[in-house]
Amino acid sequence: MHIKALLTEHIEAAFEALNLTGAAMVQAASRPEFGDYQANGVMAAAKRAQRNPREVAAQIIEHLHNDNKFSKMVAAMDVAGPGFINLTLAAEFVAPALSTGVVSSTEPLVVVVDYSAPNLAKEMHVGHLRTTIIGDCVVRVLEAQGHKVIRQNHVGDWGTQFGMLLTYLSDSGNDSEELADLENFYRAAKQRFDADDDFRERSRQAVVALQSGDPGALHQWQRFIDISMSHCQQIYDRLDITLSAADIMGESAYNDDLAGVISTLEDTNLLQQSEGAACVFLDQFKNKDGEIQPVIVRKSDGGYLYATTDLAAVAHREKRLGADRVLYFVDARQSLHFKQIFAVAKAAGFASERVQLEHLPFGTMLGKDGKPFKTRQGGIIKLAELLDEAERRAAALVQAKNPDIATVELQKLAQVIGLGAVKYADLSKNRTSDYVFDWDQMLSFDGNTAPYLQYAYSRIRSLFDRAAVTPEQLPTETVAVDEPERRLAVCIAGFNDVLNQVADEGFPHYLCAYLYELATRFTSFYEQCPILQSADEQRERRLVLASSTGKTLATGLDLLGIGVVDRM
Ligand code: ARG
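Because the structure is a prediction, the values reported are computed rather than measured.

Remarks on the sheet that holds strand E6 (residues 148–152)
With parallel pairing, the 4 strands of this open sheet are ordered in space as E6-E5-E10-E11. Strands at the two margins of the open sheet, each flanked by one partner only, are E6 and strand E11 (356–359). The mean inter-strand angle of the sheet, taken between neighbouring strand axes irrespective of direction, is 15°. Examined bridge by bridge, strand E10 (residues 325–328) and E11 share 4 bridges and lie parallel to one another. Note on E11: the bridge partner recorded for Arg325 is Gln356. Relative to the sheet, helix H6 (residues 129–144) contacts strand E5 (110–114), E6 and E10, its axis offset from that of E6 by approximately 155°. Of the strands in this sheet, E10 and E11 touch helix H13 (residues 335–348), which is tilted by about 170° from E11.

Right under this line is the structure:
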């Protein structure tokens, strides 16, 4: 059930009947006293028609009263303020939504999602956490709606650093022990590179060997990549990220396409030489002095760049993978890069006009001091260590609440709560802003946090234990009677509206805010509507509502990539 779409359809039909133009602008009400939904579009429509907005709103309401279908959907309609229409939904109307779950899209698309994409020369670090967590959530939502999602892990697996790394690897006798910590390995190689001329020269030769396809060099490179990738996969598995080896389509995968990118740019008259480099100049990329910022696609030494690879990737995604949409979950600092890539891709025909190329940027992760998140010594925080700490902190919390808990259960809870908290903290913020990583906030059992939602879920489970029924023994639907019941049912019915929003705009925080609202409404329902003490019909009805809330919470958390537990 898509409530917003349904309400919109009827209200806009009323607009038309009254010779009004414009959108109904239906939204969930900002406050309970405004009803469940509000239509904000009346003022603008009335203004365009040079009519009085409140009068127009009253006419629309009258029209909607005569719309048979619509009057079954709503229990009350009122004009408010300068011409808003507040709508209160009928309990009968939202009842079927209690058993709906996720609705499949009527227009399934092929969506390519580019996310995570760590640089394999180094250990995966906190800088890759946001893209990985946010991208994976949007992937889950799209898949649940029946879209065909193709994950593309555009890992950084090519470039001059690999010459240095492979030379260091063969000097250290191919000792893979050292590769257990890629961060140290990289640092050691870089130190040698900076200090030792002979090493530097051999590193350059290694790059040449690698680029010319020398089998020995390629073999070493592949070995290094495999080890580095297995470190990433451990993190993915631990965080329950849905990426696997099959999704890797790194920069190196496009090597054979790069010469073709240049010749296509030449054929479409987009290529210009500038100081020996091959560039594309597009009018829309002027800096503040009016000079066009070129997109460099081949350096004067013949080397290709990050941009060249991305142009090849766009072509691959549309032409070979058949993408309708391509989503890029990449740091906001790469915004100009993607604007340029998308514009050049469309101009040169690497992408048709049909395909939607979307950069979904996110801000930087900051420490509590407001500076980029680093270790106390100022070093990069390794993801593995961060996740260890999350589990440690969650275990301490759980143990403080249940001192007698068995070790196995403690570990399980620490994992679900600790990792869930890290993911939720990220997902629940608007991704475009920087966000402050704060252990105390994310592990709190109050407020918009994962533990709060997980706790709400476990409370529902224990309610069923005490009621000595299982949700399966109950009817799937019920018609709310009391107001807290109705408000809870209306919220459950809004689930698919929110999923659509996440799928369209790639903002998981809408889903988080929704689940938080749902848990909050459940709490007031639970406080105001006794369940176990109430008599047959009422008891059953309330249990059905509780069960549907539990299912929606679990499904919603699952779409965020977060687990639930029956007891906490
Ligand atoms: N490896 C890059 C980085 O760490 C991100 C790649 C994003 N995807 C892309 N198609 N450029 O910054």
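Some points on the packing of aromatic side chains
According to the stated counting rule, one finds 15 aromatic pairs in the structure shown. Note on Tyr168 and Phe185: the rings are 5.2 Å apart at their centroids and 80° apart in plane angle, and the pair reads as edge-to-face. Placement of Tyr168 in helix H7 (residues 161–171) and of Phe185 in helix H8 (residues 182–195) is noted, with a sequence separation of 17 residues between them. Across the pair, Phe185 and Tyr168 agree in class, each one buried. Between Phe338 and Phe342, the aromatic rings sit 5.8 Å apart at their centres with planes inclined by 40°, giving tilted as the arrangement. Of the two residues, Phe338 and Phe342 both sit in helix H13, 4 residues apart, roughly one turn of that helix. For Phe338, a relative accessible area of 2% translates into the label buried. Site record: aromatic cluster; members linked through ring pairs are Phe162, Tyr168, Phe185, Phe199 and Phe224. Positioned above the aromatic ring of Phe507 is the side chain of Arg431, whose terminal nitrogen or guanidinium carbon lies 4.0 Å from the ring centre.

Rules used in this analysis
Residues numbered from 1 in each chain as written. Predicted model: local features only at pLDDT ≥ 70, side-chain atom pairs only at ≥ 80, totals over all residues. Heavy atoms only, no water. Pairing = 2+ DSSP bridges. Helix = DSSP H or I, 4+ residues; strand = E, 2+ residues; numbered from the N terminus. Axes fitted to C-alpha atoms, helices over the stretch in contact; angles between N-to-C directions. Contact = heavy atoms within 4.5 Å. Phe/Tyr/Trp six-rings, centres within 6.5 Å; stacked < 30°, edge-to-face > 60°. Buried < 20%, exposed > 50% of the residue type's maximum accessible area, 1.4 Å probe, protein only. Lys NZ or Arg CZ within 6 Å of the ring centre and 35° of its normal.

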